[in-house]
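# Summary of the model geometry
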Amino acid sequence: MTDPSPTPRDPLDDKPRLECGVFGVFDTPGAAAITALGLHALQHRGQEACGIAAFDGAGFHTERHVGHVGAAFSGDLSARLPGRTAIGHTRYSTAGGSFLRNGQPMFADLQAGGVAIAHNGNLTNFLMLREQLVADGAIFQSTSDSEVILHLLARSRRERMVDRFIDALSQIEGGYALVALTNKKLIGVRDPLGIRPLVLGDLDGRAVFASETRALDMVGAHFVRDVEHGEMVIVSDRGIQSVRPFPAARARPCAFEYVYFAMPDSVVNGLSVYDVRKRMGARLAEECGVPADVVVPVPDSGVPAALGYAQGSGLPFEMGIIRNHYAGRSFIQPTQDAREMSVRMKLSPNRAVLTGKRVMLIDDSIVRGTTSVRFVRMVREAGAKEVHLRSASPPIKWPDFYGIDMPDRDNLLAAHRTLAEMACLLEVDSLGFLSVDGLYWALGAGPRDPIHPQFTDHYFTGDYPTRLLDREIAEGRNERVERQLSFLIDA
C-alpha cells in the first residue's frame, strides 16, 4: 500500500509548527480510548498524522493514520486496540514525500521484547548515527530520527530494557521528550536540557504522561509534576521509579512553547501559558507603545498578548478580525484568485471596530511576514486610519533544529532586515517587537543571563543550546542542511 502524500501547507498559515505531541497511560481500562482523548487535547501540536500503540498483556496492537485524531480513532477502540496500557502520538509533517511510514508510535520486536516509541523533538546527530548504523548493516524503513532510537535499543548489549534505553539515549543529542511502551513498563524521558515538555499526571492512581497539562485535564487526570530535564520516569506494577542517567545540566526549556506552541490553558514548567502571554503583551505596550484608538488581536493565537497590551496601555480591546472556523482549506483551491477568496472566507474584518481608527494589531510572532501583510491590508481595506503592528515575541532571526518546522534563515523576515525595512515590507505605519529581556521578564526569569541562558532561545539570539553535529558534518562536506533533520524527503 502506498502512503498518501502530505498536503502542502496552507499559504495563509505562516506560523512555525511543532513536529508532534505525545501521550501515555498505564494499567487503565480502555487505555486506547483515553489515549485518543488525550491526543485530541494535543491536536494543535500535530495535525497531519496520528497513532496509538496498546499492550493487552500478551501482545502489542498499533494503528497509525493520516489525518486528525477524531476521524482516525472514533468509535469503540476496545476491539481494535485492546489493553490497559497505551501510548499515542500526533504528528505534523512538512510537504514532500511519504509520511505515513514516518508516523508514530514506531514499534519493533527486540531480543528483550517488543517496544513502541512516541517521540517529540529532533536529534541533532541523527544523520551521523544513521550513517553509522547503515554502514553496520541496519535497514531503515522511514526517514524519522525516532527509528534511530529503535536501532540503538536493538543493538545495545545491556540485558534490562531500561538499561538499553539509557544506553541508546546516551548516544543521542538534541531536544526530545518521548514515551515508550514495553510488555511490562511505561517510560517517559525528557532531554538533558528539558527543551521539549513532558508532564506526569495521575488518573485514579495510575500514571499518565502528556506533552501538555491540558491533555491531563481532558482525560480527568490530575497534574503531579513536570518530568525533569534529563529524567527517566519508569512506571510498572511495582510503582513509579525516577532515574537521572545523564550528566547534570542546567535546564533550558523552549521559550517558543510560551510564545506560540502550547495552548493558553496549559501550564508549562510551572508557568501558566495564558498568564505569560498576557505579560508579554503588557511589556510590549511598555516597550514600544504609540498613540492608538483600539487594540486588535490576530486571531486566535494573538488574543492573550493583545489583552495584556490593552490592559497595559489602557486602550480598548476589540475583536477587529473574525475567524470562521468552518471554512475549507485555502490551499486546495486551484487558482490564486480562488485562494484569495478562500482566505476571505476564513477571516473577515469587523468594520464597526476598524473604520476610522488607529489600529494596534497584535500578533504572537512574525516569521516570514507573508500573512502579516494580508492582515494589514485587510484592516486598511476595512477603513482603518492607521495600522501599527506589534509582535509579542522578539524578532525571529535563526532556524530551529529541535523539533520546530521553521523556514531557513534566508526566509525569516527579521534575519537580515532593519526595523524600518520590515515596516515598509509589511506596509504598516509602525512596527515593534518585544525585546529578549522583555520576554524573560514575562517568563519571570529577569534579564537573560548571557553566560547561562535560562531558556532555549536560539531563534531570537542564535545561541543554540547543543552542538549541531549533523550540520557541522554537512558543512565540512560543503553540503547544505537548512531544515530540521527528521523532515527528510523520500525519493
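Here the residue numbering is sequential within each chain, running from 1 through the sequence in written order. For this predicted model, a pLDDT threshold of at least 70 governs which residues receive local features, and a threshold of 80 or more governs which side-chain atom pairs are given and counted, while totals over whole chains, interfaces and linings are taken from all residues. Each side-chain value is derived from all of the structure's non-hydrogen atoms; neither hydrogens nor water enter the calculation.

### Section: the environment of Gly59
- Runs of H or I in DSSP of at least four residues are treated as helices and runs of E of at least two as strands, each being numbered from the N terminus. You can see Gly59 is positioned in the loop between β3 (49–55) and β4 (60–66).
- Type-normalised accessible area, obtained with a 1.4 Å probe on protein chains alone, sets the label of each residue: buried when under 20%, exposed when over 50%, and partly exposed for intermediate values. We classify Gly59 as partly exposed; its relative accessible area is 22%.
- Between the alpha carbons of Gly59 and Pro82 there is a distance of 9.4 Å; along the sequence they are 23 residues apart.

### Some words on the pairing of strand β6 (residues 106–110)
- Burial of β6 is one-sided: the residues Met106, Ala108 and Leu110 facing one way are buried, the residues Phe107 and Asp109 facing the other way are not.
- Whether two strands pair comes down to DSSP finding at least two bridges between them. By the bridge criterion, five bridges tie β6 to strand β7 (residues 113–123) in an arrangement that is antiparallel. Each residue of the ladder has a partner; that of Ala108, found in β7, is Val115.
- The turn joining β6 and β7, which pair antiparallel and follow one another in sequence, is formed by two residues.

### Examining the pattern of salt bridges
- What counts as a salt bridge is simple: a side-chain nitrogen of Lys or Arg found within 4 Å of a carboxyl oxygen of Asp or Glu. Taken as a whole, this structure holds 19 salt bridges when the rule is applied.
- In this structure, Arg45 and Glu257 form a salt bridge, with 2.9 Å as the shortest nitrogen-oxygen distance. Taken together, the residues span a long stretch of sequence, with Arg45 in the loop between α1 (31–41) and β3 and Glu257 in helix α7 (residues 256–261) at a distance of 212 residues.
- Among the salt bridges present, the one from Glu231 reaches Arg225, with a minimum N-O distance of 2.8 Å.
- With a relative accessible area of 26%, Arg225 lands in the partly exposed category.
- One connected set of salt bridges, linked through shared partners, spans Arg45, Arg196, Glu212 and Glu257.

### As for the sheet that holds strand β13 (residues 232–236)
- What the six strands build is an open sheet, ordered β6-β7-β8-β9-β13-β14; its pairing is antiparallel. Each having just a single partner strand, β6 and β14 (239–243) make up the two edges of the open sheet. Between one strand axis and the next, the sheet turns through 20 degrees on average, direction left out of account.
- The contact rule is simple, with two residues in contact once any of their heavy atoms fall within 4.5 Å. Simply put, an axis is a line fit to the C-alpha atoms, just over the touching stretch for a helix, and the angle between two N-to-C directions goes from 0 to 180 degrees. In this fold helix α4 (residues 146–155) packs onto β6, β7 and β8 (174–182), with an angle of close to 10 degrees to the strand it touches most, β6.

### Comments concerning the confidence of the model for the chain
- On a scale of 0 to 100, pLDDT captures the predictor's confidence in every residue. The predicted model of the chain has a mean per-residue pLDDT of 88, with 88% of residues at 70 or higher.
- In this model residues 94–98 is a low-confidence stretch, pLDDT under 50, and it forms 14 contacts with partners more than four residues away in sequence or in other chains.
- Throughout residues 482–491 the model reports pLDDT below 50, and contacts reaching past four residues in sequence, or to other chains, amount to 43 contacts.

### Quick word on the nonpolar core
- In terms of nonpolar packing, the biggest core is built from 45 residues, with Phe256 and Tyr459 touching the most fellow members.
- Those elements giving two or more residues to this core turn out to be α7, α8 (273–288), α9 (303–313), β20 (358–363), α14 (436–442) and α15 (458–461).
- Here this core takes six residues from α8, the largest share from any one element.
- If we ignore the near neighbours within four places in the chain, the residues touching Tyr459 are Cys254, Ala255, Phe256, Pro395, Ile396, Lys397, Trp398, Asp400, Ile404 and Met406.
- Counting residues in hydrophobic clusters, the runner-up holds 31 residues, among them Ala108, Leu123, Ala138 and Leu153. Within this scheme, the nonpolar core is defined by two criteria: the residues are buried Ala, Val, Leu, Ile, Met, Phe, Trp, Tyr or Cys, and they are joined through side-chain atoms within 4.5 Å.

### Concerning the packing of α8 against α9
- As a packed pair, α8 and α9 sit with axes 6 Å apart at the nearest point and diverge in direction by 45 degrees. On the basis of their axis angle, the class for α8 and α9 is oblique. Remark: the crossing between α8 and α9 carries right-handed chirality. Contacts from Tyr274, Arg277, Lys278, Gly281, Ala282, Leu284, Ala285 and Cys288 in α8 reach Pro304, Ala305, Leu307, Gly308, Tyr309, Gln311, Gly312 and Ser313 in α9.
- Ten residues, namely Ala, Val, Leu, Ile, Met, Phe, Trp, Tyr, Cys and Pro, are considered nonpolar, four, namely Asp, Glu, Lys and Arg, are considered charged, and the remaining ones, Gly among them, are considered polar. For the contact of α8 with α9, the per-class residue count stands at nine nonpolar, five polar and two charged. In these notes the angle categories are as follows: under 35 degrees is roughly parallel, over 145 is roughly antiparallel, 65 to 115 is roughly perpendicular, and the rest is oblique. It is the rotation of the near helix from the far one that decides the hand of a crossing: anticlockwise by less than a right angle makes it left-handed, clockwise makes it right-handed.

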